[in-house]
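A look at the structure
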Amino acid sequence: MKLSLITAAIAVLVVVPANAEVYLWPKPQSVTWGNGQLEIPKTFKIHGPNISELQSAITRYTKLIWHEKWTPVQEPLEKSPKADDGKPKKPLHSLTVTVADPHAKLALGVDESYSLNIPANANAGSIQAKTVWGALRALETFSQLVQGHVDKKGLFVARAPVTIEDAPVYSHRGLMLDTSRNYYPVEDILRTIDAMAYNKLNVFHWHITDSHSFPILLETIPELAQKGAYVLHGKKLVYTKKDVNLIVNYAHDRGVRVVPEIDMPAHTGSWAAAYKDITTCTERFYLDPSGSWKNRYANEAGSGQLNPILPRTYEIVKKVIDEVTSLFPDSFYHVGGDEPLLKCWTDSPSVVEYQDKHKIGSDGLLNMFLQKVFGFVHAQKKTPIIWEDAVTTSNLSFSKDTILQIWTNTPEKAVKAGYKVIASNYNFWYLDCGHGGWNGNNTSYDQQEAPVTPPAIQKLLDQHSDWANSWAPSNWGGAGGDWCTPFKSWQRVYSYDLAYGLSKEEATNVLGGEVCLWSEQSDETTLDTKLWPRSSAAAEILWSGRYDADGVKRDIGDAMPRIFDWRYRLLARGIRAEPVQPLWCGQHRHMCDISYPAAFAK
């Protein structure tokens with residue numbers, strides 16, 4: 001919307017009203033507050049160098065603060081302090097942004113630090129950043145400092161003067177979205193990228209394909225999408241080159257990198273619709289007739305793997321990698337590489353014959369495949385990422401420029417083997433977990449009474465009361481088909497220590513992390529509530545760190561009022577984030593704590 005240019009009267013620094021507490025998310029590394037409120041007139045302007053991404057951000061955030069006119073929902077625990085003085089002050093007429101290196105590329109390790117200063121005795125604030133990407137993060141922080149008067153007729157900076165020194169702990173701060181199991185329209189992906197920018201996340205890991213569908217339409221090999229993508233109500237659910245360019249450019253404008261993943265050699269059943277000859281065990285039920293897990297063809301419904309012994313497989317794979325890497329300018333490319341199963345490969349007599357002739361097992365086949373694929377990736381001057389399985393389970397060894405995404409283990413094994421890692425442990429950061437089962441004909445739910453704990457186990461639980469919560473059945477009435485229950489609450493997400501078990505030196509090999517949403521039971525109707533504000537919890541750990549500058553572990557009690565308010569602010573920005581508590585809790589500070597609040601003991 002266009003901003004009206006109305007001359008404002010001189011503002012006065014006044015006592016901060018009760019609703020003017022500031023709840024920043026993610027928490028900056030250093031904040032110095034004052035106790036006053038600084039009016040922002042309609043003539044307020046943000047100035048900065050003529051860098052396209054910065055000018056776009058200035059336009060967005062100027063519109064945002066006037067449209068939002070935010071008033072906090074979370075009530076402060078105590079009455080706000082008196083203003084530092086009652087003398088008339090100049091209003092904040094402008095904010096000036098300076099960027100030391102206007103040419104810094106958006107990439108892993110780019111400097112995103114910034115300084116933000118809003119004085120109480122001058123009419124101009126300032127942002128100083130090494131790069132435009134740090135300036136974007138600073139503008140987000142500034143937008144969170146701005147609030148609207150209750151009558152919605154004006155804006156002010158609460159608790160001025162404000163000085164912030166800030167920088168991220170981790171350079172790779174990501175969110176992974178699976179668009180194969182269920183499809184997400186482009187507009188929903190763009191909204192997700194907006195929410196990522198609000199939370200200072202900077203990597204959109206796009207898990208584009210899997211066994212269930214192949215939704216990206218490639219010009220050099222269109223058959224994969226033409227035959228492998230979903231069709232719903234007569235419409236083919238695909239992403240075109242135009243869609244990809246829109247998403248990549250939209251993300252770049254907001255300081256978000258887009259890293260594509262075309263999973264292989266497993267999770268490729270969708271390829272068979274066009275090229276069945278290069279796949280194995282496709283169209284098989286994922287379990288054999290025995291129903292035994294050890295005899296499975298795949299880890300979930302939707303079997304199919306690429307045949308690693310055929311030259312034609314690599315011809316098709318190379319075409320896919322060459323085109324996908326050309327569509328995504330980021331230097332990272334995710335190969336997948338997870339969960340290959342020997343039974344699927346040995347469903348092909350030619351693979352069995354090859355194994356017998358060359359005395360090679362399943363790990364050898366996987367190594368052969370991945371080494372060739374890495375060659376294709378390196379030829380495009382990209383850095384390969386794979387899920388950890390090939391190294392931490394199959395004990396294979398690759399070039400140490402290969403990045404491992406950790407999802408079943410702590411980073412320790414991968415780091416000690418010499419790899420850089422991205423942390424995404426499913427026990428903390430898999431957001432699909434705890435939603436119940438999605439398999440058909442599962443009768444295990446029909447259990448009318450909770451199972452009785454065997455006496456020997458109950459005796460141990462009675463002796464160790466602190467064990468009870470960890471050992472209690474999380475969803476009696478069958479496992480529910482949910483292999484990673486329970487639900488990962490924002491508190492659980494917030495508790496993830498990415499560098500657990502590592503020395504300070506070893507921890508430098510942790511590039512960052514990604515919160516992950518697999519889409520068996522998600523689509524555009526549930527996207528926002530599945531992601532937010534739980535992804536916000538991950539964002540603070542990635543930006544602010546699990547520990548503060550003094551080495552003290554960040555406290556969920558401190559985070560609660562901030563994430564409570566932040567959830568409502570996300571709603572105001574068009575992100576349908578799920579609630580974290582009843583509204584009553586935010587209006588009655590600490591009354592919903594699990595133990596007696598220390599604040600009440602004062």
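Residues numbered from 1 in each chain as written. Predicted model: local features only at pLDDT ≥ 70, side-chain atom pairs only at ≥ 80, totals over all residues. Heavy atoms only, no water.

- The chain is annotated in an unreviewed UniProt entry as Beta-hexosaminidase of Jimgerdemannia flammicorona.
- Database annotation for the chain, UniProt heading Sequence similarities (unreviewed entry): "Belongs to the glycosyl hydrolase 20 family."
- One UniProt comment on the chain, placed under Catalytic activity (unreviewed entry), says "Hydrolysis of terminal non-reducing N-acetyl-D-hexosamine residues in N-acetyl-beta-D-hexosaminides." (UniProt positions renumbered as here; feature names shortened; annotations may be inferred.)

**Digging into the state of the cysteines**
- In this structure the tally under the stated criterion is three disulfides.
- Across the disulfide, Cys-281 is cross-linked to Cys-344 (sulfur-sulfur distance 1.9 Å). Linking Cys-281 and Cys-344, the disulfide has an S-S dihedral of approximately -90° and is accordingly described as left-handed. One end of the pair, Cys-281, is in the loop between β14 (279-280) and β15 (305-306); the other, Cys-344, is in helix α8 (residues 342-345), with 63 residues separating them in the sequence.
- Judged by relative accessible area, which is 4%, Cys-281 ranks as buried.
- Here Cys-433 connects covalently by a disulfide to Cys-484, the sulfurs 2.0 Å from one another. Judged by the sign of its S-S torsion, about -105°, the cystine formed by Cys-433 and Cys-484 is left-handed. You can see Cys-433 sitting in the loop between α13 (426-429) and α14 (455-463) and its partner Cys-484 sitting in the loop between α15 (468-471) and α16 (490-494), a full 51 residues away along the chain. Per residue, the accessibility class of Cys-433 equals that of Cys-484, and both read buried. (Disulfide = S-S within 2.5 Å. Helix = DSSP H or I, 4+ residues; strand = E, 2+ residues; numbered from the N terminus. Buried < 20%, exposed > 50% of the residue type's maximum accessible area, 1.4 Å probe, protein only.)

**Remarks on the sheet that holds strand β18 (residues 403-406)**
- Spatially, eight strands are ordered β9-β10-β13-β16-β17-β18-β19-β20 in a closed barrel, and the strand pairing comes out parallel. The sheet shows a mean angle of 30° between the axes of neighbouring strands, taken without regard to direction.
- As paired elements, strand β19 (residues 420-423) and strand β20 (residues 510-517) share three bridges and run parallel to each other. Across the sheet, Ala-423 pairs through a bridge with Gly-513, a residue of β20. (Pairing = 2+ DSSP bridges. Axes fitted to C-alpha atoms, helices over the stretch in contact; angles between N-to-C directions.)

**Examining the environment of Ile-422**
- Mapped onto the fold, Ile-422 is located in strand β19.
- For Ile-422, a relative accessible area of 0% translates into the label buried.
- Taking C-alpha positions, Ile-422 is 25 Å from Asp-188, a pair spaced 234 residues apart along the chain.
- Setting aside chain neighbours within four positions, we find Ile-422 in contact with His-172, Ile-385, Ile-403, Leu-404, Gln-405, Ile-406, Gly-512, Gly-513 and Glu-514. (Contact = heavy atoms within 4.5 Å.)

**A word on the pattern of salt bridges**
- With the rule as written, the count across this model stands at 23 salt bridges.
- The closest approach of N and O atoms between Arg-159 and Glu-21, which form a salt bridge, is 3.2 Å. With Arg-159 in strand β8 (residues 155-166) and Glu-21 in the loop between β1 (14-15) and β2 (30-40), this residue pair connects regions lying 138 residues apart in the sequence.
- Note that Arg-191 is salt-bridged to Asp-528, the shortest N-O span being 2.9 Å. A residue pair is termed long-range when its members are at least 10 positions apart, and Arg-191 in helix α3 (residues 186-198) and Asp-528 in helix α17 (residues 527-531) qualify at 337 residues.
- Through salt bridges with shared partners, a single ionic network connects Asp-178, Arg-181, Asp-210, Glu-300 and Glu-520. (Salt bridge = Lys/Arg side-chain N within 4 Å of Asp/Glu carboxyl O.)

**Some remarks on the environment of Glu-514**
- Within the fold, Glu-514 resides in strand β20.
- With 107 residues separating them in the primary sequence, Glu-514 and Trp-407 have C-alpha atoms 9.8 Å apart.
- Sequence-distant contacts of Glu-514, that is, excluding residues within four places in its chain, are made with His-172, Gly-174, Leu-175, Met-176, Val-203, His-205, Gln-405, Ile-422, Ala-423, Ser-424 and Trp-429.
- A distance of 2.8 Å separates polar atoms of two side chains, one belonging to Glu-514 and the other to His-172. (Polar contact = N/O pair within 3.5 Å; in protein donor to acceptor, adjacent residues only side chain to side chain.)

**Structural notes on the domain arrangement of the chain**
- Domain annotation of the chain identifies domain 1 (30-166) and domain 2 (172-438 + 489-554).
- Summarising the inter-unit geometry, the C-alpha centres of domain 1 and domain 2 are found 37 Å apart.
- At the interface, 18 residues of domain 1 touch 15 residues of domain 2.
- When the buried area of domain 1 at its contact with domain 2 is split by residue, Leu-106, Leu-108 and Arg-137 rank highest and sum to 42% of it. (Domains from an automatic or database assignment. Buried area = accessible area lost by both parts, 1.4 Å probe.)

**Some remarks on the side chain of Glu-514**
- Although Glu-514 is buried, it forms no salt bridge, and the closest oppositely charged side chain is Arg-257 at an N-O distance of 7.7 Å.
- Of note is the side chain of Glu-514, whose polar atom sits 2.8 Å from the side chain of Gln-405. (Lys, Arg positive; Asp, Glu negative; His and termini not counted.)

**Some words on the confidence of the model for the chain**
- Summarising the model, the chain shows a mean pLDDT of 91, and 92% of its residues fall at 70 or more.
- With pLDDT under 50 throughout, residues 1-19 is counted as low confidence; its partners more than four residues away or in other chains account for 53 contacts. (pLDDT = per-residue confidence, 0-100.)

**Here's the deal with the environment of Pro-161**
- Mapped onto the elements of the fold, Pro-161 is located in strand β8.
- By relative accessible area, Pro-161 is classed as partly exposed at 29%.

**Describing the packing of aromatic side chains**
- Here the structure, examined in full by the defined rule, presents 22 aromatic pairs.
- Seen from their ring centres, Phe-204 and Trp-206 are 6.1 Å apart, and the 35° between their planes marks the pair as tilted.
- Overall, the relative accessible area of 0% leaves Phe-204 in the buried class.
- Look at Trp-429 and Tyr-496: their rings are 4.8 Å apart centre to centre, the planes differ by 80°, and that puts the pair in the edge-to-face class. Of this pair, Trp-429 sits in helix α13 while Tyr-496 sits in the loop between α16 and β20, placing them 67 residues apart in sequence. The residues Trp-429 and Tyr-496 share a single accessibility class, namely buried. (Phe/Tyr/Trp six-rings, centres within 6.5 Å; stacked < 30°, edge-to-face > 60°.)

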